[in-house]
Every structure is written in structure tokens, then in C-alpha cells.
Amino acid sequence: MIHPNFGRVAAGLVSMDFRTTIQGKLILAMLFMVLVPLVGTGLYGNWVTSRVLRERAVEAARNDVNQHVQQISGYLDGVRRDVLYLSRLDSLQRLNRARLLGREQEAEAWRAQLAQDFLLFSLANPMYYQIRYLDQEGRETVRINYDGRTCYIVPDDALQDKSHRYYFQETMRRPEGSVYISPLDLNRELGEIEIPYRPVVRYAAPVYLGSIPRGMVIVNLYARYFLDMLYEEGPGARTLYMVDQDGYYLVHPDPARLWGSPRDLDTGEGLFKDFPTEVASILSGEEGVYSTEDNVLVYSPYYPEPKAAENYWVVIGLEPMRSLFAPVRDFRLAAASILILAMLVSVAMSLGLSRQLAGPIRALQRDVERFAQGGEVPSAEVGSHDDEIGQLARAVKDMARTIRRHMTQLEAMNRAGQEIALGLDRQATMDAIVRAALDLLRADWAALRRRQGFSAREGEWEVLAEAGERPSQDEEAEPRLRPLFEQAVHRREALISPLDSAGRMLSCAPLGRAHEGPAVLEVRGSSAALAEPATANLLATLAAQATIALENVALYEALAAQRQRLADLVENLITAQEEERKLVAYDLHDGLIQYLVGARLHLRNFTRLRERDPASAESALETGMAQLAEAIGESRRVIEGLRPSLLDDLGLEAAIRELAHEMAGREGWQLELHLQPIDRPVPPAVEITAFRIMQEALTNVGKHARAKRVSVRLAFEDGNLVGEVRDWGRGFAGEGEIAARQQRCVGLVGMQERARLVGGECRVWSQAGAGTRVTLRLSLDDDSGMRDGATDTRTGR
């Protein structure tokens, strides 16, 4: 009978998600702990018991077959004793002795007595349908027949000569006391198989008189007497077969399958047709068991003559698997029923226990889900107050309160971060940072500090911005707090430390490299929240946002300065270009054009005087030609100023060498040249930039330095083109004067901007009375800077 709650339990199990629900996992765990040992023990017990039952069933079948073999053996052993008994009859011995002595009348009397003895024995043993005595010549001397109703002595005229039969020849070769047993076959009369079929086996014993064989006693045993032992009837009866040594059936439930041997009916029916793969094992002469898909074969051989291995029979018991192993099947069915019942009980117990455990957890889950959607903090009234689930509920409630507080802080920090990120003024941004730290962490005082100097020993931690009120006694703690700031910067994490014995706490977090030197964001206060690690994490997050905001301010300031510098540069470049154009115009007007005007005047005089005054005309022509030569030289000088031809013809090194020698000769310098050959191609933009910077530096030396000694260096170092122009003139003092000169001097600005446009740098160093040094470093990488966009301010290219 099925329990009324079974359907509800089954429906609950089917709808349960065992992978995601804790109740399902508890059920699986408990079922695993209960069912695995139970199923394992049950399966092992079933396996052991089934094996024992199978072995016992097979052993019972084997014992049954052996019992039948023993029955046949016992029966045939009696036949063997009977033959030996007949071969030792006194009448037989006296008959042979009378014949040996030639006493015919006496012998005849004893032959009649022997016939009577055989007749009496036949009447007592009806399984022998023939009892005969053959003399040494193979002739029948006495023969008793039994036709199933009566026993009678065969008359002399019906006696036959059996000297040609195999059993006579075999028996006469046997020693005294031995018995020959013929193969089991169908009886033949006058060479034909007797009908109805009469299976017969012949037992014969030789008869000796002294050491001389005088004949043999042979009995024909009607084999049905022992073959019928193998035919069982009734419930539980086994199917038994018997085959000879060649596999032909001697016993079979189907009579048509019997006597298929060539010496009998020659039908070819045998064991090899029914069990072709097992026949070799069955006919091996050894007992055994062979299993097929549907049956079990148990076989045992029987040797009528132990020393005659060529003549034996095999008794075979055929047992269907289903009937043989029925007890095993019944046991398995009972064991499976018990196991299923135990599993159902385990499932029911697991389901009840899991519900008891999972119910409070589900209630807690619903509270947490409501809290996640903005509801109230989960209640701690879940489960027992003292068990683990109650403790879990209280821990969840505390955690929810902490989360709610942290969420409030994160929202406030988000608003503060937006406010900080919008500022572009440095001081206003720093003030907003400390106000946000003060409000967010509910501290008494907040400050943004920067260390003065590059090492911890050089300076104090300067307060860049602060908010709130700092007690005066905090000044005494400043020396003790400096190592804490250094540790926070070194470890790059927020730190918490007690401030005084009153319970006030200090928390500080390092900023990035938005300032000149290390900086920290510091808060102080008496709030207990300042001692929590979450506060330190929150302060570290705010410090990271502050770093980004200050970096944005620094970038904005740098961008504004860059824009102003670029505007000044554009203005200076336009002015320089106009100045260069004026210089070219002055050079053309004061030099080249004057020479051309003079040449034109003299050529006109030549034309006018060539007829009247050839000598004066010739002088005018020569003067005009000289003026043209001067004009050509002046043109070359102007062109050289616009684009040095040596740079195109001989390269950078030769152009600088020529330029330096030319200016040194003109200005009277003591020139020192250190020009290293450049063994790799120099991009055109880098080449013209280097030449113009060196040219401008030498020009400035000539205009302003009043130097007597000048050094020029050009080299290739670490993949860069390095140049230097140095003089030992009057120089100018300090970085302030250098900056001032850069603001008003187009040449210095132009040199630095030329270098920057090709991804390089140009630096100017000077000291009053010690001279000036201009260095440049230009990368020879084709992708550096904006070298493809570099222009020549002298040419506009």
C-alpha cells in the first residue's frame, strides 16, 4: 500500500533543483551518506550470495550427473562380476577338462550341465538376453536366449560360428581374470540390425584351463536396463544425455536423434550438431561445466574399462539458465525490493531533515533579497537563537547594516568625486578634496600634505589644504606622525594609527605623483569608524580620485602654459620671418641691385663710347664685367644664407666645419673643432635643424659674446645626433635672465622650437663672466617627433 504523502513527496523531489538549492544539496548529501553504504553493502552482499547460490546450483547439477554415472557404474560393475562368475563355473571347468582328455561322453554330459547352469542364471537375471560359451575355435558350445518372456537353450543346429566377430578376437587376447567390454551399439542378427532396436553391450571373459585358453563366456546385456536410469520424469526432472566417445547420442529425449554412428543407423546425428563449440571440451574425457547463453551443461565421463581409454561414454546434464538459477533470481528480486524500500525511507527522512534545515535559510534569503531591493535590514529572528543558523542571521543583519553604511559613503564619495573632478583651479580642487574627506568619513579634521624636499630627512610635511578644526595638542604629535606618512608612501596603502590616549584615530592614504614630491591625504577624529579597515579603503579610494583630479589640474595648467607658449612662438616666428625677409630685402637692395645697376651703367657707357672712344669703352666694359662678377658673388652669398649649398653637396659635418671656419676667420676666434663623422644616414629634417641651430648659436656668439675662444662639437651618441657650441665670453647670469631672454629673443626660442619639432631638445646654459653653452640632442629615428613637418625659418620651408 502506497503512503498517501508519497505523491506529494515525489512531486516535490521532481520539481526541486538539486544543483542550486541548499535543500537539494542537503538531500543529495544525506542520500549519498546513507545510500552509498547501503547500496554498496547490498550490491556486495547480492554479488556474494548470488555467486554462492550459482556455485551451489551448478554443484547440485554436477552431483546429480555424477550420481547417475555412479548408478550406471554400480550396475555395470555387477555385470562384470556376473561374467567372471560364469567363467569360473565348475561345470565349465569340467567340460574343458573332459574335452582336453578326449572324453566325449563325459564332455557332452558336462555341456548339458553347463546349459542348465546358464539357464538358471538367465532366469534369475533377465537383463541378459543372451548367455554364451564359445570354445577356442569361436564356435558356440552353449547359448541361452531370453526373448523377454521365456529363457530357453538354443538347439545345437542353431549354434553359430563367431570366430570372425571382433569381440571373440579381442577377448581371446585377454589374460585370465580380465573382462572385455564391447562398444554400446544396436544388436545385429545375421548381419542385420535387429528390429525393434535393441541396444546391447557385451561383457566377455576368457576361460583358461591352467595356462591354456579354452574359450570365452560372453553375455549380451540389454542396455535399456541402465540407459533408462538417465530418463527422468516429473517436476524438477533434468534433461540428461549420454554420448559415446565419438559424440553420437546413446541417450536423448528425441528417439530420432539416437544411434547416429556409422556402425549403427549412420544418421550423423550427434552432439557436434547441437553444441559445435562445446563438443571438444565435453569429449575431452574429463568432467566439467560449460555455460552457453541459455543453458548450463554439466558432463562427466564413464569408462566401462578403466584401461580402455578409446571406449567411454559421457553423461551430460542440460539445465536451462532460468530454472538452474531461479533461486538466484528470487534472491536478487527480494534484495532489490528491500533496497528500494530502504532508499524510499532514506529519501523521506532526507527530505524531512532538509526542510527543517533549509526553511530558516530560505526565510533569511527572502529577507536578504528584500534588502537588496532597497528594503529594511534583514531580521535576526530566524531559526533558533543559539544554533548556527541564528548566528548566521545575526551576522547577516550586521553585514547588511555595514553595507548600508558603506553604500551611503560610496554615494557621498561619488558626489564628492564629481565635485572634485569639475575643478580646474589647483587650490580650489585641494580644498574640495579635504572637505570631501571630512564630510565622507565624519572626521574632526582633514588635510592634504606634501613633503618638502626629496628625502624623508630634508623637510617637514607641509599642509597644502585643510578642513575642520585641529586641536592645539595635535602639534605635539607631529614628529611622531612623520614616519607613519613615510610608511604609507613607501607601502602605497592607507594606514590607521591611534592618535592619543583619548581614543582619537588618524588615517592617511598616499596620493600619486600629482605634486612635486610625495603627498598624503590625512583625516583625524574620534569616530569609531575611523578604526575600521573599510575606512582606510574608502580613504585610499578618495586619495586615488584626488590624484586623478590633481593630475587633471596639472595637465590643464600645462596645457594652458603650452598654449600660451605656442602663441608666443607663433608671434615670434612671424616676427622672425618678417625680419628675415627684411634682411633679404636689404641684402638685395644694398648689395646685389647696386652691383647690377653699376654694371648696367658701365655697359651703357661701353655701348655709347665704343665708336668714339674704343679705349674708354673697353675700360667701361671691364668695369661692368667686374660689377657683374660682384653681383654673382653677392647672389651666392644671399643664396647661401637661404639654403647652404655645402649641406647638400658635402653633408652636415662639412657644412658646419665650413661655417665655423668662416665665422672664426671673420670674428677672430680661437676655434676648437670636435666633429665626429656620422656613419649613418641623417634624415633631411634633422640635418637642416642641426645646421640652423648651430648656425644661430655661432651667430649669437659673434653678436653678443665678445669671445676669443669658441668650441664646436658634433657627435653620434646612443642613437642621437649631439651638438654643442660653447664660448668663453661674457655670458649672462641666472635662470631668470635666460628665461627673460627666451621671452624676447627670437633666436633662442627658434632654436628650442626647431629641436622640439623633430623630437629633440635644445638647452642653453650661461653664467656671467664664464660664457655660454648651447647643446642639442636630436634623435635619428625616422618616426621621432614631427620632423617631417619641420620648417626652415630662413626659407619658409
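Residues numbered from 1 in each chain as written. Predicted model: local features only at pLDDT ≥ 70, side-chain atom pairs only at ≥ 80, totals over all residues. Heavy atoms only, no water.

1. Let's talk about the overall build of the protein chain
Reasoning step 1: Helix and strand counts for the protein chain stand at 20 helices and 24 strands.
Reasoning step 2: Counting all 797 residues of the protein chain, 42% fall into the buried class.
Reasoning step 3: Counting contacts in the protein chain only where the partners sit at least 6 residues apart, residues at least 24 apart contribute 60% of the total.
Reasoning step 4: Accessible area of the protein chain: about 43,300 Å², with a carbon and sulfur share of 54%. (Helix = DSSP H or I, 4+ residues; strand = E, 2+ residues; numbered from the N terminus. Buried < 20%, exposed > 50% of the residue type's maximum accessible area, 1.4 Å probe, protein only. Contact = heavy atoms within 4.5 Å. Areas by Shrake-Rupley, 256 points an atom, 1.4 Å probe, with all protein chains shown as cover.)

2. What about empty space enclosed by the protein?
Reasoning step 1: Across all of its chains, the model carries one cavity of 30 Å³ or more by this definition.
Reasoning step 2: If you go around the largest cavity, the residues you meet are Gln130, Arg132, Glu140, Arg143, Lys162, Arg165, Tyr167, Asn187, Arg188, Glu189, Arg202 and Asn220.
Reasoning step 3: When residues of the lining of the largest cavity are traced back to their parent elements, those giving at least two are strand 1 (128-135), strand 2 (140-146) and strand 6 (188-189).
Reasoning step 4: Here the lining of the largest cavity is built from residues that sort into one nonpolar, three polar and eight charged. (1 Å grid on protein atoms, 1.4 Å probe; cavity = no way out; pocket = protein on both sides within 12 Å on 5 of 7 lines; lining within 4 Å. Points joined across faces, edges and corners; volume = space filled by probe spheres on them. Nonpolar A, V, L, I, M, F, W, Y, C, P; charged D, E, K, R; others polar.)

3. Notes on the sheet that holds strand 23 (residues 761-767)
Reasoning step 1: Taken in spatial order, the five strands line up as 20-21-22-24-23 in an open sheet, and their pairing is mixed. If you trace the sheet from one side to the other, it starts and ends with strand 20 (670-675) and strand 23, each paired once. Going across the sheet, the axis of each strand differs from the next one's by a mean of 10°, ignoring polarity.
Reasoning step 2: Here eight bridges tie strand 22 (residues 720-727) to strand 24 (residues 771-779), and the two strands are oriented antiparallel to one another. Pairing of aspartate 727 across the sheet is with threonine 772, part of strand 24.
Reasoning step 3: In the packing of helix 17 (residues 652-667) onto the sheet, the strands contacted are strand 20, strand 21 (709-717) and strand 22, and the crossing angle to strand 20 comes to about 175°.
Reasoning step 4: Lying on the sheet, helix 18 (residues 684-705) is in contact with strand 21, strand 22, strand 23 and strand 24; it crosses strand 22 at an angle near 5°. (Pairing = 2+ DSSP bridges. Axes fitted to C-alpha atoms, helices over the stretch in contact; angles between N-to-C directions.)

4. Overview of helix 13 (residues 478-491)
Reasoning step 1: Its 14 residues place the ends of helix 13 20 Å apart at the C-alpha level, agreeing with the 20 Å of an ideal helix rising 1.5 Å per residue.
Reasoning step 2: Those residues of helix 13 that sit buried are Glu478, Leu481, Leu484, Phe485, Glu486, Ala488 and Val489. (Expected span 1.5 Å × (residues − 1).)

5. Digging into the sheet that holds strand 16 (residues 461-468)
Reasoning step 1: Taken in spatial order, the five strands make up an open sheet running 16-15-19-18-17, and their pairing is antiparallel. Unpaired on one side and paired on the other, strand 16 and strand 17 (495-498) mark the two borders of the sheet. Direction aside, neighbouring strands of the sheet carry axes that sit 20° apart on average.
Reasoning step 2: Across the sheet, helix 12 (residues 426-441) is in contact with strand 15 (445-451), strand 16 and strand 19 (519-525); its angle to strand 16 comes to roughly 60°.
Reasoning step 3: Together, strand 15, strand 16, strand 17, strand 18 (505-510) and strand 19 form the strand contacts of helix 13, whose direction differs from that of strand 18 by roughly 40°.

6. Looking at the pairing of strand 15
Reasoning step 1: With six of seven residues buried, strand 15 is to be regarded as a mostly interior element.
Reasoning step 2: Across six bridges, the pairing between strand 15 and strand 19 is antiparallel. In the strand pairing of strand 19, arginine 450 is matched with alanine 519.

7. Observations concerning helix 3 (residues 90-101)
Because an α-helix completes one turn every 3.6 residues, residues spaced three or four positions apart along the sequence face the same direction.
Reasoning step 1: For helix 3, built from 12 residues, the straight-helix expectation of 16 Å at 1.5 Å per residue is met to within 8% by its first-to-last C-alpha distance of 17 Å.
Reasoning step 2: Among all positions in helix 3, only Ser91, Leu92, Gln93, Leu95, Asn96 and Ala98 are buried.
Reasoning step 3: Positive phi shows up at glycine 102, right after helix 3, with a value of about 80°.

8. As for a nonpolar patch on the surface
Reasoning step 1: Among the surface-exposed residues, Met399, Ile403, Met407 and Leu410 lie close enough to one another that they form a single nonpolar patch of about 350 Å² accessible area.
Reasoning step 2: By the element assignment, methionine 399 lies in helix 11 (residues 388-422).
Reasoning step 3: Judged by its relative accessible area of 48%, methionine 399 is partly exposed. (Patch = residues over 30% accessible without salt bridge, like charges linked within 9 Å, V, L, I, M, F, W, Y side chains within 5 Å. Salt bridge = Lys/Arg side-chain N within 4 Å of Asp/Glu carboxyl O.)

9. Some remarks on the packing of aromatic side chains
Reasoning step 1: All chains considered together, the criterion is met by 11 aromatic pairs.
Reasoning step 2: Between tyrosine 166 and tyrosine 167, the ring centres sit 5.5 Å apart and the planes meet at 80°, which makes this aromatic pair edge-to-face.
Reasoning step 3: In this structure tyrosine 166 comes out as partly exposed when scored by relative accessible area, which is 29%.
Reasoning step 4: Ring-pair connections join several aromatic residues into one group, and the members of that group are Tyr75, Phe226, Tyr302 and Trp313.
Reasoning step 5: In this arrangement the basic side chain of arginine 198 is found over the ring face of tyrosine 129, its NZ or CZ atom lying 4.4 Å from the centre. (Phe/Tyr/Trp six-rings, centres within 6.5 Å; stacked < 30°, edge-to-face > 60°. Lys NZ or Arg CZ within 6 Å of the ring centre and 35° of its normal.)

10. With respect to the nonpolar core
As a rule of thumb, nonpolar side chains are buried together in soluble globular proteins.
Reasoning step 1: Ranked by internal contacts, the top residues of the largest apolar core, which has 69 residues, are Phe118, Leu184, Phe226 and Met242.
Reasoning step 2: Ranked by the residues each element gives to this core, the list is headed by helix 2 (residues 22-87), at nine residues.
Reasoning step 3: Those residues in contact with leucine 184, other than ones at most four positions away along the chain, are Pro199, Val200, Val201, Ala223, Phe226, Leu227, Met242, Leu250, Trp259, Arg263, Asp264 and Trp313.
Reasoning step 4: Membership of the second largest hydrophobic core comes to 39 residues, among which are Leu675, Val682, Val725 and Leu780. (Core = buried A, V, L, I, M, F, W, Y, C linked by side-chain atoms within 4.5 Å.)

11. Section: the pattern of salt bridges
One side chain can pair with another of opposite charge once the charged atoms of both are near each other.
Reasoning step 1: Counted according to the given criterion, the structure contains 29 salt bridges.
Reasoning step 2: The shortest N-O distance in the salt bridge between glutamate 717 and arginine 713 comes to 3.2 Å.
Reasoning step 3: The exposure class of glutamate 717 is partly exposed, given its relative accessible area of 27%.

12. Some thoughts on the packing of helix 17 against helix 18
Reasoning step 1: Contact pair helix 17 / helix 18: the axes reach a minimum separation of 10 Å and the direction vectors enclose 10°. By the angle between their axes, helix 17 is roughly parallel relative to helix 18. Here Leu652, Ala655, Ile656, Leu659, Ala660, Met663 and Glu667 of helix 17 lie close against helix 18, whose contacting residues are Glu687, Ala690, Phe691, Met694, Gln695, Leu698, Thr699 and Gly702.
Reasoning step 2: Looking at side-chain class alone, the contact of helix 17 with helix 18 contains 10 nonpolar, three polar and two charged residues. (Parallel < 35°, antiparallel > 145°, perpendicular 65-115°, else oblique.)

Purely geometric numbers; function is a separate question.
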